[in-house]
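Chain and residue survey
Each chain, written out:
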Amino acid sequence: MGRSLCAAQEYLGGIYQEPSFLKDIRERAAKTDVPINVSPDEARFLQFLIVAHEVKTIVEIGTHFGYSALSMATALPANGQLYTCEKDPKRAAVAREHFAQHKDGAKIQLLEGDALESLSKQALPFIDMVFIDANKSGYTDYYEWAVTHVRPGGIIVLDNTFLMGTVYGETLPPHIKPKLVSKMQALNEHIANDSRVYACTLATQEGLTIAIKN
Ligand SMILES: C[S@@+](CC[C@H](N)C(=O)[O-])C[C@H]1O[C@@H](n2cnc3c(N)ncnc32)[C@H](O)[C@@H]1O
């Protein structure tokens, strides 16, 4: 204990180099919006899951500038498809710009608007993987949607399940309400004991939960 996670990430960053098109998106987000995309090592892990699990169809909830979507799209086969949901029209426009600039962007369909509303209107194929990375207040509903819609054997990944460390007692940042902490704790316990899935959580900085549907 006590070893620095940031130093480990820096070390890994020197070995698994972040592609320049992703670095550009990350830097643009930090300069013009907020840096809320997944980290390069998390992006690499998502790609690893896609390759290992032979994932062809992904639903992502929470696009932002398209960092994780584009990163995952590069790991999909040529006939792979990724649906990504973004509520904020300005962010959706920036993400579309990024998808248009990269050949793998053609695998991505952006659904603009509230995620569950958009997904309910969309005829979706067999879903191999769902990546949840949007408003934390919606996580319980997103997880239920994912368990219902992902194929048996498919995977559900949820980012930020530590809710900035608050689920294990870190000081509450002003923008996080105690009710949200209880909600995330309840969801974490629910997933760990949910007989519909087999789950584990990686103790990354943000907490990354992965569940395989039985
Ligand atoms: C953490 S960011 C996503 C980061 C992205 N996955 C990445 O790593 O590049 C969360 C995004 O979810 C969007 N969002 C919030 N509530 C939403 C909702 N109800 N439906 C769709 N998107 C939503 C926010 O506007 C924000 O851009």
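Structural data are supplied above this passage.
Predicted, not measured: the structure shown is a model, and the values here were computed from it.

Here we look at the overall build of the protein
In terms of helices and strands, the protein carries eight helices and seven strands. Here the C-alpha radius of gyration of the protein, 17 Å, is about what a compact globule of 214 residues would show, namely 17 Å. If one aligns the C-alpha atoms of the protein with their principal axes, the spans along those axes are about 45 × 40 × 35 Å. Within the protein, contacts between residues separated by at least 24 positions form 65% of all contacts whose residues are at least 6 apart in sequence.

Details of the environment of Leu119
If you trace the backbone, Leu119 turns up in helix α6 (residues 115-121). Under the C-beta neighbour-count criterion, Leu119 is labelled buried, with 20 such atoms within 10 Å. Remark: the alpha-carbon pair of Leu119 and Lys183, spanning 64 residues in sequence, is separated by 23 Å. Setting aside chain neighbours within four positions, we find Leu119 in contact with Val59, Cys85, Leu111 and Trp145.

Considerations on the packing of helix α7 (residues 139-149) against helix α8 (residues 178-193)
Describing two packed helices takes the angle between their axes plus the distance from one axis to the other. At their nearest, the axes of α7 and α8 sit 10 Å apart, and the two run at 25° to each other. As the angle between them shows, α7 and α8 are arranged roughly parallel. Packed against α7, whose contacting residues are Tyr139, Thr140 and Tyr143, the element α8 presents Lys183, Met184, Leu187 and Ile191 at the interface. Residues of the contact of α7 with α8, tallied by class, amount to five nonpolar, one polar and one charged.

What about the site of the ligand?
The ligand sits among 19 residues. The nearest are Asn37, Gly62, His64, Tyr67 and Ser68. Counting residues per element, the ones that place at least two in the shell around the ligand are α4 (67-75) and β2 (81-86). When grouped by side-chain class, the residues that make up the shell around the ligand number six nonpolar, seven polar and six charged.

Here's the deal with the nonpolar core
Core analysis: the biggest nonpolar cluster contains 56 residues, and Met72, Val130, Ile132, Tyr142, Tyr143, Ile156 and Val157 have the highest contact counts within it. Here this core gets six residues from one element, more than from any other, and that element is α4. Setting aside chain neighbours within four positions, we find Tyr143 in contact with Ile132, Ile156, Leu158, Leu187 and Ile191.

Comments concerning unusual backbone geometry
In this structure, Asn160 is a non-glycine residue whose phi angle is positive, near 70°. Phi angles above zero are rare outside glycine, and Met164 is one such case at about 60°. Checked against the element boundaries, Met164 lands in the loop between β5 (150-159) and α8.

Some details on the pairing of strand β3 (residues 108-112)
Along a regular strand, successive side chains alternate from one face of the sheet to the other. With five bridges connecting them, β2 and β3 associate as parallel partners. Bridging across to β3, Leu82 finds its partner in Ile108. For the handedness criterion, the β-α-β arrangement of β2, helix α5 (residues 89-101) and β3 is classed as right-handed.

Re the sheet that holds strand β1 (residues 57-61)
By way of backbone hydrogen bonds, the strands of a sheet pair with one another, either parallel or antiparallel. Taken together, seven strands build an open sheet; the order of strands is β3-β2-β1-β4-β5-β7-β6 and the sheet is mixed. Both edges of this open sheet fall to β3 and β6 (197-202), since each of them pairs with a single strand only. Going across the sheet, the axis of each strand differs from the next one's by a mean of 15°, ignoring polarity. Packing against the sheet, helix α3 (residues 40-52) makes contact with β4 (127-132), β5 and β7 (208-213), and its axis sits at approximately 175° to β5. Sheet strands touched by α4: β1, β2, β3 and β4. Its angle to β2, the strand with the most contacts, is close to 175°.

Thoughts on the packing of α3 against α4
It is the contact of α3 with α4, at a shortest axis distance of 9 Å, that shows an interaxial angle of 35°. Crossing of α3 over α4 shows right-handed handedness. Residue-level contacts link Ala43, Leu46, Gln47, Ile50 and Val51 of α3 to Ser68, Ser71, Met72 and Ala75 of α4. Here the residues of the contact of α3 with α4 are counted per class, giving six nonpolar, three polar and no charged.

Cut-offs and rules
- All residue numbers refer to positions counted from 1 along the written sequence of the respective chain.
- Owing to the predicted nature of the model, reporting of local features is limited to residues with pLDDT of at least 70; listing and counting of side-chain atom pairs is limited to 80 or more, with chain, interface and lining totals taken over all residues.
- We count a stretch as a helix when DSSP gives it H or I for four or more residues in a row; a strand needs E for two or more, and each element gets its number in order from the N terminus.
- The atom set for the radius of gyration is the C-alpha atoms, and the globule formula is 2.2 Å times the number of residues raised to the power 0.38.
- Working definition of a contact: two residues with C-beta atoms, positioned from the backbone, lying within 7 Å.
- Each residue is classified by how many other C-beta atoms fall within 10 Å of its C-beta atom, where C-beta atoms are placed from the backbone; a count of 20 or more means buried, 12 or fewer means exposed, and values in between mean partly exposed.
- What counts as an axis is a line fitted to C-alpha atoms, over the stretch in contact for a helix, and the angles between N-to-C directions run from 0 to 180 degrees.
- For classification purposes, an angle smaller than 35 degrees is called roughly parallel, one larger than 145 roughly antiparallel, one from 65 to 115 roughly perpendicular, and anything else oblique.
- Any residue outside Ala, Val, Leu, Ile, Met, Phe, Trp, Tyr, Cys, Pro, Asp, Glu, Lys and Arg is labelled polar, Gly included; the first ten of those are nonpolar and the last four are charged.
- Here, nearness means that the C-beta atom of a residue, built from backbone geometry, sits within 6 Å of the molecule or strand in question.
- By convention in this section, buried Ala, Val, Leu, Ile, Met, Phe, Trp, Tyr and Cys residues joined through C-beta atoms within 7 Å make up a nonpolar core.
- By the convention used here, strands pair only if DSSP detects at least 2 bridges between them.
- Every crossover in which the path from the first strand over the helix to the second runs clockwise, viewed with the strands pointing away from the viewer, is termed right-handed.
- By convention, the crossing between two helices is left-handed when the near helix turns anticlockwise from the far helix through less than a right angle, and right-handed when the turn is clockwise.

All quantities given are derived from atomic positions and should not be read as evidence of function.
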